[in-house]
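So you can see what is in the structure, the chains are spelled out below.
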Amino acid sequence: MLIDVLTLFPEMFSGVLGTSIIGRAREKGILDINLINIRDFAKNKHKQVDDYPYGGGPGMVMSPQPLFDAFYHLLEASPTARVIYFSPQGKTLRQEMAEKYANMSHLILLCGHYEGVDQRVIDRFVDEELSIGDYVLTGGELPSMVFIDCISRLIPGVLGSSLSADDESFSNGLLEYPHYTRPQVYQGLKVPEVLLSGNHKEIERWRKKESLRNTLKKRPDLLEKANLDLEEGRLIDEIKNNK
Ligand code: 4GS
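Quantities reported herein were computed from a predicted structural model and do not represent experimental measurements.

**Overview of the site of the ligand**
Right, so step 1: Close to the ligand lie 15 residues; Tyr114, Ile132, Gly133, Tyr135 and Leu137 are nearest.
Right, so step 2: In this structure, Ile132 approaches the ligand through a main-chain N or O atom, which is 2.9 Å from a nitrogen atom.
Right, so step 3: One of the backbone nitrogen or oxygen atoms of Tyr135 is found 2.9 Å away from a nitrogen atom of the ligand.
Right, so step 4: Burial of the ligand by the surrounding chains reaches 92%, relative to a free accessible area of 370 Å².
Right, so step 5: Those elements giving two or more residues to the shell around the ligand turn out to be β5 (82–92) and β7 (128–131).
Right, so step 6: In terms of residues, the shell around the ligand owes the most to one element, β5, which gives 3 residues.
Right, so step 7: Across the shell around the ligand, the residue classes tally to 9 nonpolar, 5 polar and 1 charged.

**Topic: the sheet that holds strand β2 (residues 32–37)**
Right, so step 1: One open sheet accounts for 5 strands, arranged β2-β1-β6-β5-β7; its pairing is parallel. Strands with a single pairing partner mark the edges of an open sheet, and in this sheet they are β2 and β7. Each strand of the sheet is rotated relative to its neighbour by a mean of 30°, with strand direction disregarded.
Right, so step 2: Here β5 pairs with strand β6 (residues 106–110) via 4 bridges, running parallel.

**Brief notes about the packing of aromatic side chains**
Right, so step 1: This model, assessed by the stated rule, comprises 6 aromatic pairs.
Right, so step 2: Summarising the aromatic geometry, the rings of Phe68 and Tyr72 are spaced 6.1 Å apart at their centres and angled 75° between planes, so their arrangement reads as edge-to-face. Residue Phe68 and its partner Tyr72 are located together in helix α3 (residues 64–77), separated by 4 residues, close to a single helical turn.
Right, so step 3: Phe68 gets classed as buried once you look at its relative accessible area, which sits at 18%.
Right, so step 4: By the ring-pair criterion, three or more aromatic residues cluster together here, those being Phe68, Phe71, Tyr72 and Phe125.

**Describing the side chain of Glu210**
Right, so step 1: With respect to the helices, strands and loops of the structure, Glu210 is situated in helix α7 (residues 200–218).
Right, so step 2: Discounting residues that sit within four places of it in the chain, Glu210 has contacts with Tyr177 and Pro178.

**Quick word on the environment of Pro156**
Right, so step 1: Here Pro156 lies in the loop between α6 (141–152) and β8 (185–186).
Right, so step 2: As for Pro156 and Ser131, which are separated by 25 residues in sequence, their C-alpha atoms are 25 Å apart.

Conventions used here
Residues numbered from 1 in each chain as written. Predicted model: local features only at pLDDT ≥ 70, side-chain atom pairs only at ≥ 80, totals over all residues. Heavy atoms only, no water. Near = heavy atom within 4 Å. Polar contact = N/O pair within 3.5 Å; in protein donor to acceptor, adjacent residues only side chain to side chain. Areas by Shrake-Rupley, 256 points an atom, 1.4 Å probe, with all protein chains shown as cover. Helix = DSSP H or I, 4+ residues; strand = E, 2+ residues; numbered from the N terminus. Nonpolar A, V, L, I, M, F, W, Y, C, P; charged D, E, K, R; others polar. Pairing = 2+ DSSP bridges. Axes fitted to C-alpha atoms, helices over the stretch in contact; angles between N-to-C directions. Phe/Tyr/Trp six-rings, centres within 6.5 Å; stacked < 30°, edge-to-face > 60°. Buried < 20%, exposed > 50% of the residue type's maximum accessible area, 1.4 Å probe, protein only. Contact = heavy atoms within 4.5 Å.

Put into structure tokens, the structure is as follows:
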């Protein structure tokens, strides 16, 4: 997958996208992330990329010229790339949407800063607006990084095991079960017995039940949407009758 990121602050990305799982995916060549500084496309002599808003008011707006030229440059090479703009006006990113993006071969992410970008850029080039949640940030850079992180782990070969992506919270519409590692007893605190039993069927049942328990307690709204099967329904009853 190729992801072009259009930003005024490419240096914000190096830590997040150069480290750990994403860094390794880029080294392996599974993921190609191309950071493009919008300022490089500014034609005026001070390389200014923003200006005062027409109609007055606070803040600055990112000017059309550098962005139009950046898009002409990128889309000439790949006219079918999908262009995503991050803003609170977009559809909120959810796990079930991530799979769709993980299957796309070329994405262009536009990061607005300040008040945002001139609307003509959005009207002309943006295929889709996405939000990462109902709050206001200073720029689209963090949303871009959140988006890249979220979809990258779904690309085959990015996570160690092809199964690792499946067990996490939300991937089955439920929250995760609790995890434990060595030692068996730490400061008097024990690991649940069943996990040491070697009984894989029992372990699976326990995990499913704890996953349901977590969801019921912390995000009951998710349970309403989840299509529980017969066994899950029974486990919920057990939890409610505190067994
Ligand atoms: C978000 C968000 C955001 C809005 C960018 C104000 C600078 C800022 N983008 N999800 N202008 N939440 N963007 O707050 O995507």
